[in-house]
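Chain residues, written in single-letter form:
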Amino acid sequence: MCKVIGMAVILVGTGGFLYSYLSMRIRRIDNMKKLYGFLVHTGFELQNNCVDMGNYLRDCAGREEESPLGRTCRDAAEFLENFSFGNGADAWQHACVCNRKQWELEPEGERILNRFGEAVFGRYCEENLKKLDNLAGDLLRCIEEETKQFRQKQKVLTPVTLLGGVLLCILLV
């Protein structure tokens, strides 16, 4: 009876490890897709409307309350309202640093996230739009690469983890 319980615990543990790792990778891809949508929407708003970035970030935080994007926008808007930093780019970067763990991004994704502040708080609108377009393109490449890596790792990790659990059960029984 103890052997059966032990085997079940080992198999559940290996399955739990696999689930947590793969779900973390899926969350990372989802966060990058939300950031891409945010970059595109921000570019559209800057191009077509005269936007106060503090209010825009506050509105975004209201739409995306529980996501890392919403938390980062909320923090950046608060920093802008309180004049905590010299300019908007610094406020955005500090908000990104405060919420870095929730984003779960690779270094390239973090770099793109941090550069968003430079792109929207610049002096010239056309230059800001070019920077946003470049960031959106870079982020799209990151999303494609992350998705490709996820599929490759999923193909390898799933059978290896489950077979490792079964082998561990055989060795211990």
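This write-up is about the structure you can find in this document. Since the model is a prediction, treat every value here as computed from it, not as a measurement. (Residues numbered from 1 in each chain as written. Predicted model: local features only at pLDDT ≥ 70, side-chain atom pairs only at ≥ 80, totals over all residues. Heavy atoms only, no water.)

Some words on the overall build of the protein
Inclusion rule: Strands are runs of DSSP state E lasting at least two residues, helices are runs of H or I lasting at least four, and both sets are numbered from the N terminus onward. Throughout, radius of gyration means the C-alpha value; the globule benchmark is 2.2 Å times the number of residues raised to the power 0.38. Throughout this description, buried means an accessible area under 20% of the type-specific maximum (1.4 Å probe, protein chains only), exposed means over 50%, and partly exposed covers the range between. It only takes one pair of heavy atoms within 4.5 Å for two residues to be counted as in contact. In short, Shrake-Rupley with a 1.4 Å probe defines the accessible areas, and a residue's cover is counted only from the protein chains shown. Under the convention used here, Asp and Glu are negative, Lys and Arg are positive, and both His and the chain ends fall outside the count. Working definition for charges: the position is that of NZ of Lys, CZ of Arg, CG of Asp or CD of Glu.
When helices and strands are tallied, the protein shows 7 helices and 0 strands. Secondary structure of the protein in N-to-C order comes out as α-α-α-α-α-α-α. Taking 16 Å as the expected radius of gyration for a compact globule of 173 residues, we find that the protein reaches 21 Å, considerably beyond that expectation. Split into buried and exposed, the 173 residues of the protein put 37% on the buried side. Once local pairs closer than 6 in sequence are excluded, the contacts in the protein between residues at least 24 apart make up 61%. Carbon and sulfur atoms make up 58% of the accessible area of the protein, which totals about 10400 Å². Separation between the mean location of the 22 positive side-chain charges and that of the 23 negative ones in the protein comes to 9 Å.

Quick notes on unusual backbone geometry
Positive phi is not limited to glycine here, since Glu104 has a value of about 55°. Structurally, Glu104 can be placed in the loop between helix 5 (100–103) and helix 6 (107–120).

Thoughts on the packing of aromatic side chains
Which entries qualify depends on this criterion: Each Phe, Tyr or Trp ring (for Trp, its six-membered ring) is paired with any other whose centre lies within 6.5 Å, and the angle between the two planes then decides the class: stacked below 30 degrees, edge-to-face above 60, tilted in between.
One pass over the full model with this rule turns up 5 aromatic pairs. Summarising the aromatic geometry, the rings of Phe38 and Trp92 are spaced 6.3 Å apart at their centres and angled 15° between planes, so their arrangement reads as stacked. Of this pair, Phe38 sits in helix 1 (residues 2–48) while Trp92 sits in helix 4 (residues 88–98), and the two are 54 residues apart along the sequence. The two residues Phe38 and Trp92 agree in class, both being buried. These aromatic residues form a ring-pair network of at least three members: Phe38, Tyr56, Trp92 and Phe116.

Considerations on the packing of helix 6 against helix 7 (residues 125–172)
Put simply, the rule reads: Every axis corresponds to a line fitted to the C-alpha atoms, with the helix fit spanning only the stretch in contact, and the corresponding angles, defined between N-to-C directions, vary from 0 to 180 degrees. Relative orientations are named as follows: roughly parallel for angles under 35 degrees, roughly antiparallel for angles over 145 degrees, roughly perpendicular for angles from 65 to 115 degrees, and oblique for any other angle. Crossing handedness: left-handed means the near helix sits turned counterclockwise from the far one by under a right angle, and right-handed means the same turn made clockwise. Residues are grouped as follows: Ala, Val, Leu, Ile, Met, Phe, Trp, Tyr, Cys and Pro are nonpolar; Asp, Glu, Lys and Arg are charged; all remaining types, including Gly, are polar.
Packing of helix 6 against helix 7 brings their axes to within 9 Å, and their N-to-C directions diverge by 165°. Relative to helix 7, the element helix 6 is oriented roughly antiparallel. Helix 7 is crossed by helix 6, and the crossing has left-handed handedness. From helix 6, Glu108, Arg111, Ile112, Arg115, Phe116, Glu118, Ala119 and Val120 reach across to helix 7, where they touch Asn128, Lys131, Leu132, Leu135, Asp138, Leu139 and Cys142. By residue class, the composition of the contact of helix 6 with helix 7 is 8 nonpolar, 1 polar and 6 charged.

Quick look at the pattern of salt bridges
For clarity, the threshold we go by: In the sections that follow, a salt bridge refers to a side-chain nitrogen of Lys or Arg positioned within 4 Å of a carboxyl oxygen of Asp or Glu.
Evaluated as defined, the whole model comprises 11 salt bridges. Across the pair Arg28 and Glu106 runs a salt bridge, and its minimum N-O distance is 2.6 Å. Of this pair, Arg28 sits in helix 1 while Glu106 sits in the loop between helix 5 and helix 6, and the two are 78 residues apart along the sequence. The class of Arg28 is buried, set by a relative accessible area of 9%. Relative accessible area serves as the criterion here: at 32%, Glu106 is assigned to the partly exposed category. Connected through salt bridges with shared partners, the residues Arg25, Arg28, Glu106 and Glu146 form a single ionic network.

Here's the deal with the side chain of Thr161
Take Thr161: it is sitting in helix 7. Assessed through its relative accessible area of 10%, Thr161 is described here as buried. Excluding its chain neighbours within four sequence positions, the residues that come into contact with Thr161 are Thr14, Phe17 and Leu18.

Points about the environment of Asp30
Within the secondary structure, Asp30 sits in helix 1. Along the backbone, Asp30 and Trp103 are 73 residues apart, and their C-alpha atoms lie at a distance of 9.8 Å.

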